[in-house]
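Overview (structure and organization)
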Amino acid sequence: MLRSVQRTAEIVVLGPSFALQKRLLTHLCNEVVLTRDNCAFGRTRISNELELYFYGLGESDKSKDFAWDLVADKILGFFLLFNWFDGASFQKAMETADELSRRFDAHGVIAGDLAENLVPVNEKLIGYGFSISERIYFSLWNSASKASSRALMRLLVDAVMTHTG
Amino acid sequence: MVGLPSYKILIINSESAELEELARLLKEQRHRIEKSDSLEEAFQFLQRERVDALLFEPRLSDDRGKSFIDQLRRTYAEPPIAVIVLTEEADHERRIELLELDIDDLLQKPFDPREAMTRIDVLLGRMRPLVLDESGQGDGLSGSLMEMGVADLIQTVIIADKSAIIHLQHKTETARIEVQKGEVCGIHSYDQSAPIEALLNLLAWEEGRFSIEFRNEIGKPKLGSEDRARIAHILRSVEQLHEIIGEPFSLQTKYVANSSNFSGTLSSAERSVLLLFLEPSSIRRALALSTLEAEQVLQCIHSLIRKGLLLKTEDYRRAEDEQFVFNPVSGGTVLGAKQQFSRIFSLFRQGAPLISSGESPAGFYNRPRLSKAELMLIRQKFA
């Protein structure tokens, strides 16, 4: 049975790795649905009146095809995820970031995943982030850690709150 | 007894051991076998009597076989007679030559009896669509399950308010459904399975033959009242679905539900049913494959259709084709995912009205006007 909520906000999850998108959604959502063509949809209830929806767009270049106008009314922000240790992943993430900046001015967090790292990383470097523009933040992220994913979410909210005063 | 459809088959030159064996097998299947010793005699026979199929082994040394088939096709064009040729030729070219003689099927020696019988049944089933039974009583109906499914057959008898035995044959398997005064009162399956299970298996039969034997009385119901009620419910559900989606009876989905973190939008039963439609599939097949109770499967299919997650296969294909839409805003960018996302959005957004947009910032898009308190709530949720 579908539940009725009064207000929703939406978050788009982008990046060259669908696996990373799924991991983030699994960490942040109560419910996740995968589609055959590698899209992931998740939602989590914040209160009786407010619910967040997450859209993971998969590995292909769906950010260009995505129905941005359909989510535009309700978009809270986006996550752009990439593998910090993979040059190709970084390159694709940069291209997506360029595309986004041309088309769309929502708040967002660009996150470099450190889960594959072979050397220890100072925990304080993960999930805190810094702003790289008025609306966009960058952060390191440990995709194997639910706490790290939640920290990313807080970072996005902080970005929105800072901008809206 | 009318029983399974019976055909009249003429075998030419039955002195051949293999043809004799085929004649024996066909007789066992209750087909009527006629024999003639030569092509000439066969033609004389055909002038007197009508047959459904001819079975013979043409000689390689002359082209009398070809002349015979030519004459047969000219003389008996409609309704056609099925011509089945037996050959020991393994040579590819020779087999093609035989097929070019305008024959309907070719059995190569040595043949597997089951395969041979199945091929002959399928061929005859295709060549003779739904016809009134020729028993002379005018009280029977026989035909191919490709034209009338098992559910349709039962409904036909029920709507006619008659009592009848429906005989079914699918390959080498047979079954019998007894209907009395608007109600299924007996199901006898080839594998002796329980009635409900048997019915579900039978609903999945999409090929084969049937015949309906109308009777004044069937006898005492062999099914209990509970089973009869369940069967009636299943048939009603199938009929309702039929009304919703029409023909072809095929559905498809592109959505896969993740089992671990999914609790609200789809039930576990719905998820399992959805998985049955990753490829185009009929409801009958889903009923046969699912481990759930039939009523539950049908209920889930209803629900998934309502939620937009199951589409008629033809609509699914059309939607796929329509993905290539010119987008004037992006200057020709292909909006491949738009329809797909809009479908998902409509599912997710049910009961959740849009948040009104604030003033548009410098960019192209708006964003939701969440209050600071709401943002704090979100932050707290992920603390």
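Attention in this report is confined to the structure presented alongside it. (Residues numbered from 1 in each chain as written. Chains lettered and ligands numbered in written order. Predicted model: local features only at pLDDT ≥ 70, side-chain atom pairs only at ≥ 80, totals over all residues. Heavy atoms only, no water.)

Remarks on the overall build of chain B
The helix and strand inventory of chain B stands at 14 helices and 17 strands. Counting only residues that meet the buried cut, chain B has 50% of its 383 residues in that class. Across chain B, contacts joining residues at least 24 apart in sequence account for 65% of those joining residues at least 6 apart. Accessible surface, chain B: about 19,000 Å² in total, of which carbon and sulfur atoms supply 48%. (Helix = DSSP H or I, 4+ residues; strand = E, 2+ residues; numbered from the N terminus. Buried < 20%, exposed > 50% of the residue type's maximum accessible area, 1.4 Å probe, protein only. Contact = heavy atoms within 4.5 Å. Areas by Shrake-Rupley, 256 points an atom, 1.4 Å probe, with all protein chains shown as cover.)

Examining helix H2 (residues 39-48) of chain B
Residue and element names in this part refer to chain B. Of the residues making up H2, those classed as buried are Leu39, Ala42, Phe43, Phe45 and Leu46. The buried residues of H2 occupy an angular sector of 160° when the element is viewed end-on, so they sit on one face. The exposed set on the far side of H2, more than 90 degrees from its buried face, consists of Gln47 and Arg48. Buried residues belonging to H2 abut strand E1 (8-12), strand E2 (32-36), strand E3 (53-56) and helix H3 (64-75). (Arc of directions from axis to C-beta.)

Here we look at the sheet that holds strand E4 (residues 82-87) of chain B
Residue and element names in this part refer to chain B. The 5 strands lie next to each other as E2-E1-E3-E4-E5, forming an open sheet whose pairing is parallel. Edge positions in the sheet fall to E2 and strand E5 (105-108), since each has one partner strand and no second. Across the sheet, the mean angle separating the axes of adjacent strands is 20° when strand polarity is ignored. Sheet topology note: the E4/E5 ladder contains 4 bridges and is parallel. If you follow Leu86 over to E5, its bridge partner there is Leu107. On the sheet, helix H4 (residues 92-99) packs against E4 and E5 and is oriented at approximately 145° with respect to E5. (Pairing = 2+ DSSP bridges. Axes fitted to C-alpha atoms, helices over the stretch in contact; angles between N-to-C directions.)

What to know about the pairing of strand E10 (residues 183-189) of chain B
Residues and elements named next belong to chain B. Summarising burial for E10: 5 of the 7 residues are buried, a large majority. Direction of pairing for strand E9 (residues 173-180) relative to E10: antiparallel, over a ladder of 6 bridges. When the bridges of E10 are listed, Val179 appears paired with Val184. Taking the residues between adjacent antiparallel strands as the criterion, E9 and E10 are bridged by 2 residues, where Lys181 takes a positive phi near 45°.

Side note on the packing of aromatic side chains
Under the defined criterion, the tally for this structure stands at 7 aromatic pairs over all chains. When the ring of Phe43 of chain B is compared with that of Phe68 of chain B, the centres are 6.1 Å apart and the planes differ by 80°; the resulting orientation is edge-to-face. Of this pair, Phe43 of chain B sits in helix H2 while Phe68 of chain B sits in helix H3, and the two are 25 residues apart along the sequence. By relative accessible area, Phe68 of chain B is classed as buried at 5%. With centroids separated by 5.8 Å and ring planes inclined at 75°, the aromatic side chains of Phe56 of chain B and Phe68 of chain B adopt a geometry described as edge-to-face. Residue Phe56 of chain B is found in strand E3, and its partner Phe68 of chain B is found in helix H3; the two are separated by 12 residues along the sequence. Taken individually, Phe56 of chain B and Phe68 of chain B each receive the classification buried, so the pair is uniform in this respect. Of the aromatic side chains, those joined through ring pairs into one cluster are Phe82, Trp84, Phe90, Phe130 and Phe138 of chain A. (Phe/Tyr/Trp six-rings, centres within 6.5 Å; stacked < 30°, edge-to-face > 60°.)

Focus on the nonpolar core
Residues and elements named next belong to chain B. Leu168 and Ile177 are the most contacted members of the largest nonpolar core, which totals 48 residues. When residues in this core are grouped by element, the largest group, 7 residues, is from helix H11 (residues 294-306). Setting aside its immediate chain neighbours within four residues, Ile177 contacts Val150, Ile154, Ala164, Ile165, Ile166, Leu168, Val184, Gly186, Ile187 and Leu202. (Core = buried A, V, L, I, M, F, W, Y, C linked by side-chain atoms within 4.5 Å.)

Describing the environment of Glu173 of chain B
Residue and element names in this part refer to chain B. Mapped onto the elements, Glu173 comes out in strand E9. For Glu173 and Asp191, which are 18 residues apart along the polypeptide, the C-alpha to C-alpha distance reads 8.4 Å. Not counting chain neighbours up to four residues away, the residues in contact with Glu173 comprise Leu168, Tyr190 and Trp205.

Topic: the sheet that holds strand E12 (residues 250-252) of chain B
Residue and element names in this part refer to chain B. Spatially, 3 strands are ordered E14-E12-E15 in an open sheet, and the strand pairing comes out antiparallel. This sheet does not close on itself; its edge strands, each paired only once, are strand E14 (281-282) and strand E15 (311-312). Note that E12 and E15 share 2 bridges and pair antiparallel. Residue pairing across strands places Leu251 opposite Lys312, the latter belonging to E15.

In short, shape yes, function no, at least from these values alone.
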